[in-house]
Amino acid sequence: MYKYDNYDQAIVDARVAEFRDQVNRRMAGEITEDQFKPLRLMNGLYLQLHAYMLRVAIPYGTLDSRQMRMLAHIARKYDRDYGHFTTRQNIQYNWIKLEECADLLEELASVEMHAIQTSGNCIRNISSDQYAGAAADEVADPRPWAELLRQWSTFHPEFSYLPRKFKIAVIASPEDRAAMRLHDIGLELVKQDGELGARVFVGGGMGRTPMIAPEINPFVKADDLLSYIEACLRVYNRYGRRDNIYKARIKILVHEIGADEYRRQVAEEFAHVKTLGIDPPLAELERISAFFAAPAFDAADVEPDRSDPDFAVWLDQNVKPHKQAGYAIVNISLKPIGGIPGDASSAQIDVMADLAEKYSFDELRVTHAQNIVLPHVAKRDLYAVWQALREADLANANLDLISDIIACPGLDYCSLANARSIPIAQKIATRFADAERQRDVGELKLKISGCINACGHHHAGHIGILGVDKKGVENYQLTLGGSGAEDVSIGKITGPGFDEDGIVDAVEKAVEKYRELREVDERFVDTYRRVGMDPFKEAIYG
């Protein structure tokens, strides 16, 4: 994985010192909250319902054991002994004291971490495939390109004050594990006649107006990619709405002028940008790529002993094939029955760090589904890893099942939320606690948001839940048929909303109708697409 050079470290250290001064001035009353707000947001610090929340960047979800242990230390020292992993592959701390924030950031900087551009109208954390470098179906490792984009976008003078926040995802597999087309810009690395390049999608997003990004260019050569992305941002920065926050995202611009016109303007701007020489020299790309060389794989291809039935279940559900014989990809579910999706205690974070150091070439990944991945585990070590995870209450064998719920913090923490998300997730997971029942239902992506901003990706859930405020009472809308994968789609609302208990019943009715209607090997979303909304609506509303 990438390691800071002197320039990277100097940038992060300088930002810590700058923010320390800003915090001191705020504490002394020299600047107002209105003056301080844009400064703290550019450093990932939000003022939530009960305390400050800090969002720490984990670029493209990749980190090592040293960094993971620091996250555990931060949870113990500065928070309430836990962290919350997010759908942007970051981590959030919900109980931060303003007077301690600069010290916290200084400790993060000591392990090459920061909170820069995790908020604000700028280019946010670059996200990617959690299996990058390990997936057999990738045409190239997307992480060097994600790192290049991270460096290019950090403090970019032209794009630090965009009309609205901006999110970029990079993948390199036909299977989309990063919700790529629901980003402002989505890049899929592909090869054409042996040459590496990217399909470019622009104008996706969720929120109050969910849209799937249209393809703007079927193939941009790798040598031109940075210039082309620059051109995409320039057109948006020039014409994006700044008069209406609800129409400020790039998806609205692309929708209003049309993909063809946007494509034309980008092509025109690209011709100019190419004269500026911003694409990195080959030597720089090679320098970055060297950090992502494959580990020294050496394990024999020996299948693990499946005689322990609990281990066998976990193996089938949470362990995925690796492109290197003798190795596997381990998914660690942060979704215990009755727990808070994405939360991990400091002790659990330490355990995952220890396992990465001992068994996964010192590397971990955060997924957009709020789980953790050990990307390179020898098959001979899988049983030992599982035993350690089980002791730490991290061996939940529910990856991609109905209890593997994505949920935002909701009204328990967030000042923007209209309704609680966490209790709904807990009640649904508890309703479907029976492991055999979950496996019989099969793959079912359930996602919950506590407001229209859709941080829980409810639009992209096979089953989605949106919490709204209905005359001062929490109410929950149900959507069916969404997907963030390569079969991307936006879910449709079933009808009138429900109260807290009613939404749990409605989910169960939808699931049981699916079990009644499904064909062999058919997922929930496939059955929905085949039969349509009506049978589900009848089952839900009677």
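Residues numbered from 1 in each chain as written. Predicted model: local features only at pLDDT ≥ 70, side-chain atom pairs only at ≥ 80, totals over all residues. Heavy atoms only, no water.

*Asks:* Kindly report on the overall build of the protein chain, identifying the contributing residues and their values.
*Replies:* A count of helices and strands for the protein chain gives 17 helices and 20 strands. C-alpha atoms of the protein chain, sized along the principal axes, occupy 60 × 60 × 60 Å. The proportion of buried residues among the 542 residues of the protein chain is 60%. Across the protein chain, the fraction of contacts at a sequence separation of at least 24, relative to all contacts at a separation of at least 6, is 67%. For the protein chain, the accessible area works out to roughly 21200 Å², and carbon and sulfur atoms hold 49% of it. The positive charge centre, built from 65 side chains, and the negative charge centre, built from 82, are 5 Å apart in the protein chain. (Helix = DSSP H or I, 4+ residues; strand = E, 2+ residues; numbered from the N terminus. Buried < 20%, exposed > 50% of the residue type's maximum accessible area, 1.4 Å probe, protein only. Contact = heavy atoms within 4.5 Å. Areas by Shrake-Rupley, 256 points an atom, 1.4 Å probe, with all protein chains shown as cover. Lys, Arg positive; Asp, Glu negative; His and termini not counted. Charge placed at Lys NZ, Arg CZ, Asp CG, Glu CD.)

*Asks:* Talk me through the sheet that holds strand β1 (residues 45–47); I want residue IDs and the actual numbers.
*Replies:* One open sheet accounts for 5 strands, arranged β1-β2-β5-β4-β13; its pairing is antiparallel. Of all strands in the sheet, those with a lone pairing partner are β1 and β13 (343–345), marking the two edges. Averaged over all pairs of adjacent strands, the angle between strand axes in this sheet comes to 30°, irrespective of strand direction. Sheet topology note: the strand β2 (residues 52–56)/strand β5 (residues 91–96) ladder contains 4 bridges and is antiparallel. What sits directly across from Leu-54, in β5, is Tyr-93. (Pairing = 2+ DSSP bridges. Axes fitted to C-alpha atoms, helices over the stretch in contact; angles between N-to-C directions.)

*Asks:* Outline the side chain of Asp-64, supporting the account with residue identities and numerical values.
*Replies:* Along the polypeptide, Asp-64 turns up in the loop between β3 (62–63) and α3 (65–78). The class of Asp-64 is buried, set by a relative accessible area of 3%. One polar contact links Asp-64 to Lys-3, side chain to side chain, over a distance of 2.8 Å. A polar side-chain atom of Asp-64 sits 3.3 Å from the main-chain amide nitrogen of Arg-66. (Polar contact = N/O pair within 3.5 Å; in protein donor to acceptor, adjacent residues only side chain to side chain.)

*Asks:* Quick rundown of unusual backbone geometry? Include the residues and the values.
*Replies:* Within the chain, Asp-81 stands out as a residue other than glycine whose phi angle is a positive 75°. Here Asp-81 is to be found in the loop between α3 and β4 (82–85). Residue classification places Asp-81 among the partly exposed residues on the basis of a relative accessible area of 35%. With a phi close to 65°, Gln-89 is a non-glycine residue in the positive phi region. Among the structural elements, Gln-89 can be located in the loop between β4 and β5.

*Asks:* So what's going on with the packing of aromatic side chains? Residues and values would help.
*Replies:* The geometry of an aromatic ring pair is captured by two quantities: the separation of the ring centres and the angle between the planes. Evaluated as defined, the whole model comprises 18 aromatic pairs. For the ring pair Phe-311 and Tyr-383, a centre distance of 5.0 Å and an interplane angle of 90° mean the geometry is edge-to-face. With Phe-311 in helix α10 (residues 309–318) and Tyr-383 in helix α12 (residues 382–391), this residue pair connects regions lying 72 residues apart in the sequence. Aromatic rings pair up to connect Phe-311, Trp-314, Tyr-383 and Trp-386 into one cluster. Directly above the aromatic system of Trp-95 lies the positively charged group of Arg-80, at a separation of 3.5 Å from the ring centroid. (Phe/Tyr/Trp six-rings, centres within 6.5 Å; stacked < 30°, edge-to-face > 60°. Lys NZ or Arg CZ within 6 Å of the ring centre and 35° of its normal.)

*Asks:* Tell me about the nonpolar core, residues and numbers included.
*Replies:* Among soluble globular proteins, nonpolar side chains are generally buried collectively. If you look at the biggest cluster of nonpolar residues, it comprises 104 residues, and the most contacted ones within it are Met-68, Leu-71, Phe-85, Leu-233, Tyr-262, Val-330 and Met-352. Looking at which element gives the most residues to this core, the answer is helix α6 (residues 225–239), with 9 residues. Core analysis: the second largest hydrophobic core is formed by 31 residues, Phe-432, Val-441, Ile-503 and Val-507 among them. (Core = buried A, V, L, I, M, F, W, Y, C linked by side-chain atoms within 4.5 Å.)

*Asks:* Now, about the pairing of strand β8 (residues 185–192): what can you tell me, with residues and values included?
*Replies:* Burial analysis of β8 places 6 of its 8 residues in the buried class, the great majority of the element. Two strands pair when backbone bridges link them, and strand β7 (residues 168–171) and β8 are joined in this way by 4 bridges, in the parallel orientation. Bridge pairing in β8 places Ile-171 opposite Glu-188.

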